[in-house]
Amino acid sequence: MSINKESELAGMKKASEAVALTLKEMTQYATPGMTTKQLDEYGAQVLNKLGARSAPYLTYGFPGWTCISVNNEFCHGIPSSKTILQEGDLINIDVSAELDGFWSDNGGSFVLGKDIHNHQPLINASKAILQKAINQIKGGVRIADIGHLIETEAKKRGFKVIRNLTGHGVGRSLHEEPSEIANYRDPNNFTRFRKNSVVAIETFITTSSTLATTLEDGWTKVGNRGGFMAQHEHTIVITDGLPIVLTEMNGIWN
């Protein structure tokens, strides 16, 4: 969407604060021994208290309120009473929701407890690359150039990017134009970021894989060459200068 009125900016801020707070609360609530279903239900309670409704459930009938992916699961993991969180797990939580007709999206990867499997360098890379990318986005910048920046920064750190997962426009629905904000330079994408538009910028930084494939459950995605992935995501409003980071209170940069 494009922000044309103060009321629209206020609506996006409110929806974004709801998803950001939910992501932050869920990250802090996660403990070893808990199931991903328990963590998801806690997230649902937070969203409900804030008056927000799960976007993946509303839009796609996703079998959970949030997406929770663990270890070799890259994204869109289904919350389950069978998946028990353990010390050192690499966890990704993606929270998107609708509130009063406005939609916002954010996500983050983190290590549960002690980093016994050395996932932190991957996470740190994803966070730093997202921040660097967002700081370069303003009206008129080519989307492909931001993709090039993300992939270049990943390679510098010894990592790869997923080429078939992308950021996207957001605001009046979960996925809007621009539909593909890739993590690499797409030579066929001549689209430029537009001032006042709202987009969800996501990193998909990996140790081994370059494509995400879907498991038999129809939702969960893993890497075509295995390994691990870190994802971090903010919803932003594009300006002539630094973007407005609507989901900043999720704390993924802290």
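Preceding this section is the structure that the text describes.
As the structure is a prediction and not an experimental result, all values here were calculated from the model.

The rules behind the values
- Residues numbered from 1 in each chain as written.
- Predicted model: local features only at pLDDT ≥ 70, side-chain atom pairs only at ≥ 80, totals over all residues.
- Heavy atoms only, no water.
- Helix = DSSP H or I, 4+ residues; strand = E, 2+ residues; numbered from the N terminus.
- Buried < 20%, exposed > 50% of the residue type's maximum accessible area, 1.4 Å probe, protein only.
- Polar contact = N/O pair within 3.5 Å; in protein donor to acceptor, adjacent residues only side chain to side chain.
- Contact = heavy atoms within 4.5 Å.
- 1 Å grid on protein atoms, 1.4 Å probe; cavity = no way out; pocket = protein on both sides within 12 Å on 5 of 7 lines; lining within 4 Å.
- Points joined across faces, edges and corners; volume = space filled by probe spheres on them.
- Salt bridge = Lys/Arg side-chain N within 4 Å of Asp/Glu carboxyl O.
- Pairing = 2+ DSSP bridges.
- Axes fitted to C-alpha atoms, helices over the stretch in contact; angles between N-to-C directions.
- Phe/Tyr/Trp six-rings, centres within 6.5 Å; stacked < 30°, edge-to-face > 60°.
- Lys NZ or Arg CZ within 6 Å of the ring centre and 35° of its normal.
- Expected span 1.5 Å × (residues − 1).
- Arc of directions from axis to C-beta.

Colleague: Tell me about the side chain of Ser-209, and name the residues and values.
Modeller: Relative to the assigned elements, Ser-209 resides in the loop between strand E9 (198–206) and strand E10 (212–214). Here Ser-209 falls in the buried class, since its relative accessible area comes to 0%. Looking at Ser-209, its side chain comes within polar contact range of the main-chain nitrogen of Asn-224, at 3.3 Å. Discounting chain neighbours no more than four positions away, the residues touching Ser-209 are Phe-74, Lys-160, Val-161, Ile-162, Gly-223, Asn-224, Arg-225 and Gly-226.

Colleague: Break down the layout of surface pockets for me, with residues and values.
Modeller: If you add up the space inside the largest pocket, you get close to 500 Å³. Lining the largest pocket are 24 residues; nearest its centre among them are Tyr-60, His-76, His-168, His-175 and Glu-202. Elements represented by at least two residues in the lining of the largest pocket include exactly helix H3 (55–60), strand E2 (67–70), strand E4 (90–99), strand E7 (167–169), strand E8 (176–181) and E9. If you tally residues by element for the lining of the largest pocket, the top one is E4, at three residues.

Colleague: Please set out the pattern of salt bridges residue by residue, giving values where relevant.
Modeller: In a structure, side chains of opposite charge can pair up when their charged atoms sit close to one another. Applying the stated criterion across every chain yields a total of nine salt bridges. Arg-157 is the partner of Glu-153 in a salt bridge, and the nearest nitrogen-oxygen pair spans 2.8 Å. Three or more residues joined by partner-sharing salt bridges are found here, namely Lys-132, Glu-153, Lys-156 and Arg-157.

Colleague: For the sheet that holds strand E3 (residues 73–75), give the residues involved together with the corresponding values.
Modeller: The antiparallel open sheet is built from three strands, whose spatial order is E3-E11-E10. Of all strands in the sheet, those with a lone pairing partner are E3 and E10, marking the two edges. Across this sheet, the average inter-strand angle for adjacent strands is 50 degrees, counted without regard to direction. The pairing of E10 with strand E11 (residues 221–223) spans three bridges and is classified as antiparallel. Looking across to E11, one finds that Thr-214 is bridged to Lys-221.

Colleague: Quick one: what's the story with the packing of aromatic side chains, residue by residue and with numbers?
Modeller: Evaluation of the coordinates by the stated rule reveals three aromatic pairs. A centroid spacing of 5.2 Å and a plane angle of 90 degrees characterise the contact between Phe-62 and Trp-219, whose relative ring orientation is edge-to-face. With a gap of 157 residues between them, Phe-62 in the loop between H3 and E2 and Trp-219 in the loop between E10 and E11 connect regions that are remote in the sequence. Positioned above the aromatic ring of Tyr-184 is the side chain of Arg-163, whose terminal nitrogen or guanidinium carbon lies 3.7 Å from the ring centre.

Colleague: Lay out helix H4 (residues 120–135) in plain terms, naming residues and giving numbers.
Modeller: The end-to-end C-alpha distance of H4, which contains 16 residues, comes to 23 Å, matching closely the 22 Å that a straight helix rising 1.5 Å per residue would cover. Residues of H4 that are buried: Leu-122, Ile-123, Ala-125, Ser-126, Ile-129, Leu-130, Ala-133 and Ile-134. In an axial view of H4, the angular spread of the buried residues amounts to 160 degrees, which keeps them on one side of the axis. Residues of H4 that are buried in the fold lie against E4, strand E5 (102–111), helix H5 (143–156), E9, strand E12 (229–237) and strand E13 (244–245).

Interpretation note: all reported values are geometric properties and have no functional meaning in isolation.
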